[in-house]
Amino acid sequence: MFAPQPILPLLAEVFHASKVMISLTVTASTVGVALAAPIMGQIADRAGRKRVIVLSAMTLGIATLLTATSASLGALLFWRFVQGAATPGVFSVTTAYVHDEWPVKRAASAISAYVSGTIVGGFSGRVIVGFAAERFGWHWAFVVLGCISLMIGTYLWLFLAPESKFERPREPSRIVDGILQHLRNRELVAAYTVGSCVLFSLTAMFTYVTFHLAAPPFSLGSGLIGSIFVVYLVGAAVTPIAGRRMDRDGHRIMMIRAAVIGVVGALVSLIPSVWAVVAGLAICSTGVFIAQAAATSFVGVAAKSNRALALGLYVSFYYGGGSFGGTAPGWLWQKFGWPGCVGLVVAVQVVIALLAWRLWGAKEWPRSRN
């Protein structure tokens, strides 16, 4: 999904595009996710989880290979959109699969472990693309990534256990009816709003930090910029621990803590040192990943029915926020540079904390005392 981030400066040169225009390579995929997620959720609620997960993973691999054939920015944006449209069949449906198959008391821990897996994948994709593009060219970066995606899809086909507790709805409902039902759920709407803010923050930080580090005084190349995403591994290690705390303290408390961590990390990245920027990214991304786990797990608990659709709708809001996170900070970047982007992320973290505090329900409090 976000693998091109380390090579955005390179792609801007190749296609003679501005920073705002080239950031659309990130936005195109997130828009694809936002549009396709509810549909994928509805299909998974009817056709079953594993079938949709495997087909989506294979489609994602093929679309990634075709991205390498792009001869213009328009073609690149098209295939990035297709990649995004295939993604929720893996992301949101796997989340529903976990909620179906795991006991309720262990759901938050299981989702946190799953989020850790997505973190490792996000790190790997960026590092692979960064070094492959620097050594062989940007086309081959997508070829390598596409082949890996197809191998993962094949592995899922062969070894992912078929769902055993999934129950299809007795009476198929229209997708509009299901969406309206979820949007009438106050807690789900709050979770959807928080989710959009979460990916907005992550996308804004990691899209524009590449321009920050590629410019003087740092002047880093694509390979080194790609390697900074090793900070994701900090989040991969911390998120499962946070999941166990979430089972004990509740989703709301963990979300507020995550927002505070995000603010601290964003502010640390303002220090004019590569190591300070990397440390700030590590802290900020860890807070964002904990927030992602809290919001995703909360949706699975708050949804009364059609869980895959509820999670698909969450993914739409989540990646809708990511779409704005890829482009909206560009205007601040042009006027204020990196400090402008950081200020925006800090403001969004404050919004996350306030939303969780006011709208996630007082029923979370008793869990924090146990």
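Below is a short write-up of the structure. Keep in mind that what you see is a predicted model, and the values were worked out from it rather than measured.

Calculation criteria
- Residues numbered from 1 in each chain as written.
- Predicted model: local features only at pLDDT ≥ 70, side-chain atom pairs only at ≥ 80, totals over all residues.
- Heavy atoms only, no water.
- Helix = DSSP H or I, 4+ residues; strand = E, 2+ residues; numbered from the N terminus.
- 1 Å grid on protein atoms, 1.4 Å probe; cavity = no way out; pocket = protein on both sides within 12 Å on 5 of 7 lines; lining within 4 Å.
- Points joined across faces, edges and corners; volume = space filled by probe spheres on them.
- Nonpolar A, V, L, I, M, F, W, Y, C, P; charged D, E, K, R; others polar.
- Expected span 1.5 Å × (residues − 1).
- Buried < 20%, exposed > 50% of the residue type's maximum accessible area, 1.4 Å probe, protein only.
- Contact = heavy atoms within 4.5 Å.
- Phe/Tyr/Trp six-rings, centres within 6.5 Å; stacked < 30°, edge-to-face > 60°.
- Lys NZ or Arg CZ within 6 Å of the ring centre and 35° of its normal.

## Here we look at unusual backbone geometry
Cis rather than trans, the peptide bond between Pro 216 and Pro 217 has omega equal to 10 degrees. Tracing the backbone through its elements, the reader meets Pro 217 in the loop between helix H10 (186–214) and helix H11 (222–227).

## What to know about the layout of surface pockets
Volume-wise, the largest pocket comes out at about 1000 Å³. Within the residue set of the lining of the largest pocket, elements represented by two or more residues are helix H4 (49–67), helix H5 (73–86), helix H6 (88–101), helix H7 (107–136), helix H8 (138–159), H10, helix H14 (274–302) and helix H15 (307–336). Sort the elements by how many residues they give to the lining of the largest pocket and H7 lands first, with 10 residues. Across the lining of the largest pocket, the residue classes tally to 22 nonpolar, 11 polar and 2 charged.

## Concerning helix H16 (residues 338–359)
Given a rise of 1.5 Å per residue, 22 residues ought to cover 32 Å, and the 32 Å separating the end C-alpha atoms of H16 matches this to within 8%. Of all the positions in H16, only Trp 338, Gly 340, Cys 341, Val 342, Val 345, Val 346, Val 348, Gln 349, Ile 352, Ala 353, Leu 355 and Ala 356 are classed as buried. In the core, the buried residues of H16 are packed alongside H10, helix H13 (251–268), H14 and H15.

## Some remarks on the packing of aromatic side chains
Summed over the entire model, instances satisfying the criterion amount to 10 aromatic pairs. Both rings, one in Phe 211 and one in Trp 333, keep their centres 6.3 Å apart while their planes meet at 50 degrees; by these two values the pair is tilted. Here the residue Phe 211 occupies a position in helix H10, and Trp 333 occupies one in helix H15, the gap between them amounting to 122 residues. Each member of the pair, Phe 211 as well as Trp 333, carries the same accessibility label: buried. Ring centres of Tyr 314 and Tyr 318 lie 5.6 Å apart, and the angle between their planes is 25 degrees; this geometry places the pair in the stacked category. Here Tyr 318 and Tyr 314 lie together in helix H15, a separation of 4 residues that amounts to about one turn. As far as burial versus exposure is concerned, Tyr 314 and Tyr 318 are alike and both buried. Cluster of aromatic residues (ring-pair linked, three or more members): Tyr 192, Tyr 314, Phe 317 and Tyr 318. A cation over a ring is seen here: Arg 252 above Trp 357, with NZ or CZ 5.1 Å from the ring centre.

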